[in-house]
Amino acid sequence: MFDFALPADTSDEERYRELANAGDSLTDGESDAVANMANLAALIWSFVPDLNWAGFYRVVDGELVLGPFIGRPACIRIPFGQGVCGTAASSGETQLVEDVHAFPGHIACDSASASELVVPVIRDGQVIAVIDLDSPSKARFGEADARGIEAVAERIATRV
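Please read these numbers as outputs of a predicted model, since none were measured by experiment.

1. Section: the environment of glutamate 154
Along the chain, the position of glutamate 154 falls in helix α4 (residues 143-156). On a C-alpha basis, the gap between glutamate 154 and isoleucine 122 in space is 7.2 Å, while along the polypeptide they are 32 residues apart.

Structure (structure tokens):
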């Protein structure tokens, strides 16, 4: 059994270092991408406070398809270039959105979401998935969150 927990006063730097280490440890030696994404979504949910959704969208036949996640039911398919996730997938760049309602073309899968962080997972120069985090709080995510989830994405890119 795995028990990953951090004290509430853990710094962002330490939180994301521990998250990356836990993700690395938990997925080491496991070749099933879906199983790894499921465990990583659960880890993110456990490590990152103030979320209402955490999970993956996978690149399948040129569009994003819902992968393992924790939260309310979500949009199943997202075209590249649409919404925050589609923008991250098409640009290959992290999207840090303080107010999703101000983001042009935002796709509202959960009306409770107010801010969003989407990080592309890149393998061999290609986006293969995105990690999507939503929060009910505006401006929930900052540069430390973006850097932390980017580090996780880099470490697990060969396992999802």
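2. Comments concerning the nonpolar core
Leu19, Ile44, Val121, Ile131, Leu133 and Ile149 are the most contacted members of the largest nonpolar core, which has 29 residues in total. Of all the secondary-structure elements, those providing two or more residues to this core are α1 (12-27), α2 (33-47), β1 (53-60), β5 (115-123), β6 (126-135) and α4. Beyond its immediate stretch of four places on either side in the chain, isoleucine 131 contacts Ile44, Gly55, Phe56, Leu117, Val118, Val119, Val121, Ile149 and Ala153. The next biggest cluster of nonpolar side chains, apart from the first, holds 17 residues, and it includes Trp53, Val84, Cys85 and Val97.

3. Some details on α4
Here α4 spans 20 Å end to end across 14 residues, near enough to the 20 Å set by a 1.5 Å rise per residue. Taken as a whole, α4 has its buried residues at Asp145, Ala146, Gly148, Ile149, Val152, Ala153 and Ile156. What you see down the axis of α4 is that its buried residues fit within an arc of 165 degrees, all on one side. Opposite its buried face, α4 presents the exposed residues Arg147 and Glu154, each directed more than 90 degrees away. Each element contacted by the buried residues of α4 is listed here: α1, α2, β1, β5 and β6.

4. Concerning the pattern of salt bridges
Side-chain pairs of opposite charge can arise where the charged atoms are in close proximity. Following the criterion strictly, the structure yields eight salt bridges and no others. The partner of arginine 17 in a salt bridge is glutamate 13, and the shortest N-O contact between them spans 3.6 Å. Within this pair, arginine 17 and its partner glutamate 13 are both found in helix α1, separated by four residues, close to a single helical turn. The class of glutamate 13 is exposed, set by a relative accessible area of 59%. In this structure, arginine 159 and aspartate 24 form a salt bridge, with 2.9 Å as the shortest nitrogen-oxygen distance. Here aspartate 24 lies in helix α1 and arginine 159 lies in the segment after α4, a separation of 135 residues in the sequence. Since its relative accessible area comes to 18%, arginine 159 is described here as buried. Linked by salt bridges that have partners in common, Asp24, Asp28, Arg155 and Arg159 make up one network.

Reading the values: the criteria
Residues numbered from 1 in each chain as written. Predicted model: local features only at pLDDT ≥ 70, side-chain atom pairs only at ≥ 80, totals over all residues. Heavy atoms only, no water. Helix = DSSP H or I, 4+ residues; strand = E, 2+ residues; numbered from the N terminus. Core = buried A, V, L, I, M, F, W, Y, C linked by side-chain atoms within 4.5 Å. Buried < 20%, exposed > 50% of the residue type's maximum accessible area, 1.4 Å probe, protein only. Contact = heavy atoms within 4.5 Å. Expected span 1.5 Å × (residues − 1). Arc of directions from axis to C-beta. Salt bridge = Lys/Arg side-chain N within 4 Å of Asp/Glu carboxyl O.

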